[in-house]
Amino acid sequence: MHFAASIQVGESVQEPLKYYINNVSNTLNLLSAMEKNEVKNLIYSSTAAVYGMPETMPVAESAPLEPINPYGASKVMIEKVLADIAAVRDFKYVALRYFNVAGADSQVRIGQAYRDATHLITRALKTAHGEFAKLFVYGTDYPTPDGTCIRDYIHVDDIADAHIKALGYLLDTQKTNIMNCGYGHGFSVREVIATARKVTGIDFPVEETDRRAGDSPRLVADSTKLRQITGWQPRYDDLEFIIKTAWDWELKLRQTLKNRTPGQ
Ligand SMILES: NC(=O)c1ccc[n+]([C@@H]2O[C@H](COP(=O)([O-])OP(=O)(O)OC[C@H]3O[C@@H](n4cnc5c(N)ncnc54)[C@H](O)[C@@H]3O)[C@@H](O)[C@H]2O)c1
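Residues numbered from 1 in each chain as written. Predicted model: local features only at pLDDT ≥ 70, side-chain atom pairs only at ≥ 80, totals over all residues.

S.K.: Provide a residue-level description of the overall build of the chain, including the pertinent values.
M.R.: Within the chain, the secondary structure is distributed over eight helices and 10 strands. Scaling as 2.2 N^0.38, a compact globule of 264 residues should have a C-alpha radius of gyration of about 18 Å, and the chain matches this with 19 Å. Oriented by its inertia axes, the alpha-carbon framework of the chain measures out at about 55 × 50 × 40 Å. Within the chain, the fraction of its 264 residues that count as buried is 38%. (Helix = DSSP H or I, 4+ residues; strand = E, 2+ residues; numbered from the N terminus. Rg over C-alpha atoms; globule rule 2.2 N^0.38 Å. Buried ≥ 20, exposed ≤ 12 C-beta atoms within 10 Å, placed from the backbone.)

Written out as structure tokens, the structure is:
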């Protein structure tokens, strides 16, 4: 399973080479090492960003691949490389196109631990904690009901389960496939903020600002294929629960850091 990548859409617009070197070049090195060592199966972390601004929503895997930022383009390039290798070698893969992964382990054992996380939910919760002075909303004039971008937030445990199911499918059938991972409905930035305020009980400051380069107005998954082919069933399709697990994780992380003695 190949997860490693540079993943920030906005940064990819500013630093395209970083994204092509890390996500394309370095993945080519990995694929080359796999070929040399006769590793014949791969689960690849792809993304909804491969679709750009899809015309039909929810978006299915058959939709045109028209990324609007270098991050999405880097993932499309590797999907193409994988298809070309699979066409001529004894090599099979499943590319999982994740939508917006969020939340922490439902038993609060693991979660995101780095400071400069840019994901909306993590950022909102860190703002609620006072780690950031305010949360920025990038763009309020998108063609969506409340003007902010809509995303399909999927709980990290459901993404993990999709990988286990996809691996079972790959090993059992030795067939290549590409599957979306999402719930099939989305929430706007404003809806996420309202839910984060409700879960935390903190009315954290928010500032509306200009659009960020490279953001698609609405990305919602059609995950029929993943469900039908692998038997995947989401367990945590509940925004409030997703945010609650992320909040519990933030509280635990804070406590752990507080209890740490210097040098640990
Ligand atoms: N989080 C999401 O919402 C989301 C959505 C779609 C796709 N994805 C994909 O899922 C994968 C995992 O993303 P994530 O959300 O866990 O991001 P993340 O930034 O938390 O994890 C990526 C990890 O890869 C590591 N990494 C990057 N380049 C590396 C390299 N050259 N060598 C070794 N390690 C390297 C980073 O240090 C980081 O730990 C990525 O491929 C990303 O494109 C994530």
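The structure having been displayed, the exposition proceeds.
S.K.: Can you lay out the sheet that holds strand β8 (residues 187-188) for me, pointing to particular residues and giving the numbers?
M.R.: Pairing in this open sheet of three strands is mixed, and the strands run β8-β5-β10 from one edge to the other. The open sheet has two free edges, formed respectively by β8 and β10 (218-219), since each of these has just one partner strand. Relative to β8, strand β5 (residues 150-151) is paired through two bridges, and the arrangement is antiparallel. Note on β8: the bridge partner recorded for Arg151 is Phe187. (Pairing = 2+ DSSP bridges.)

S.K.: So what's going on with the packing of helix α2 (residues 16-36) against helix α3 (residues 70-88)? Which residues, and what values?
M.R.: Where α2 meets α3, the closest approach of the two axes is 9 Å, and the angle between their N-to-C directions is 20°. Taken together, the axis directions place α2 and α3 in an arrangement best described as roughly parallel. Read as a crossing pair, α2 and α3 show a hand that is right-handed. Of α3, the residues touching α2 (which contributes Pro16, Tyr19, Tyr20, Asn23, Val24, Thr27, Leu28 and Leu31) are Pro70, Tyr71, Ser74, Lys75, Met77, Ile78, Val81 and Ile85. (Axes fitted to C-alpha atoms, helices over the stretch in contact; angles between N-to-C directions. Parallel < 35°, antiparallel > 145°, perpendicular 65-115°, else oblique. Left-handed = near helix turned anticlockwise from the far one by under 90°. Contact = placed C-beta atoms within 7 Å.)

S.K.: Report on the site of the ligand, specifying residues and quantitative values.
M.R.: The immediate surroundings of the ligand are formed by Phe3, Ala4, Ala5, Ser6, Ile7, Asn22, Asn26, Ser45, Thr47, Tyr98, Asn100 and Val101. Looking at the shell around the ligand, the elements with two or more residues in it are α2, β1 (41-47) and β3 (100-102). By residue class, the composition of the shell around the ligand is six nonpolar, six polar and no charged. (Near = placed C-beta within 6 Å. Nonpolar A, V, L, I, M, F, W, Y, C, P; charged D, E, K, R; others polar.)

S.K.: Describe the sheet that holds strand β2 (residues 92-98), naming the residues involved and giving the relevant values.
M.R.: In spatial order, the strands read β1-β2-β7; together these three strands make up an open sheet with parallel pairing. Across the chains shown, the open sheet's two edge strands, defined by having one partner strand only, are β1 and β7 (177-181). Taking the axes of each pair of neighbouring strands and ignoring which way they run, one obtains an average angle of 20° across the sheet. Both β2 and β7 contribute to a ladder of five bridges, which runs parallel. Opposite Val94, over in β7, you have Asn177 as the bridge partner. On the sheet, α3 packs against β1 and β2 and is oriented at approximately 155° with respect to β1. Most of the contacts of helix α5 (residues 156-173) go to β2, to which it runs at about 160°, and overall it touches β1, β2 and β7.

S.K.: Break down unusual backbone geometry for me, with residues and values.
M.R.: Cis geometry is adopted by the peptide bond preceding Pro58, which originates at Met57 and carries an omega value of -5°. Within the fold, Pro58 resides in the loop between β1 and α3. For Glu38, which is not glycine, the phi torsion reads 55° and is therefore positive. Assignment of secondary structure puts Glu38 in the loop between α2 and β1. What makes Glu38 exposed here is the crowd of 8 C-beta atoms within 10 Å.

S.K.: Tell me what's going on with helix α8 (residues 239-259), and back it up with residues and numbers.
M.R.: Taking 1.5 Å as the rise per residue, α8 with 21 residues should run 30 Å; its terminal C-alpha atoms sit 30 Å apart, in good agreement. Restricting attention to buried positions, one finds in α8 the residues Leu239, Ile242, Ile243, Lys244, Thr245, Ala246, Trp247, Trp249 and Glu250. Residues of α8 that are buried in the fold lie against β3, α4 (120-129), β6 (153-155), β8 and α6 (189-200). (Expected span 1.5 Å × (residues − 1).)

S.K.: Quick rundown of the nonpolar core? Include the residues and the values.
M.R.: Core analysis: the biggest nonpolar cluster contains 56 residues, and Ile121, Ala124, Cys181, Ala196 and Ala246 have the highest contact counts within it. Looking at which element gives the most residues to this core, the answer is α8, with six residues. In this structure, Ala124 is in contact with Leu135, Val192, Ile193 and Ala196, ignoring residues within four places of it in sequence. (Core = buried A, V, L, I, M, F, W, Y, C linked by C-beta atoms within 7 Å.)

S.K.: Outline the packing of α4 against α8, supporting the account with residue identities and numerical values.
M.R.: Geometry of a packed helix pair, given as the angle between the helix axes and the separation of the axes. Between α4 and α8, the least distance of the axes is 10 Å, while the angle of their chain directions is 50°. By the angle between their axes, α4 is oblique relative to α8. The two elements α4 and α8 meet at a crossing, and its hand is right-handed. Residues Ile121, Thr122, Leu125, Lys126 and His129 of α4 lie in contact with α8, whose contacting residues are Ile243, Ala246, Trp247, Glu250 and Arg254. Classifying every residue of the contact of α4 with α8 gives five nonpolar, two polar and three charged.

All we've got here are geometric facts, nothing functional implied.
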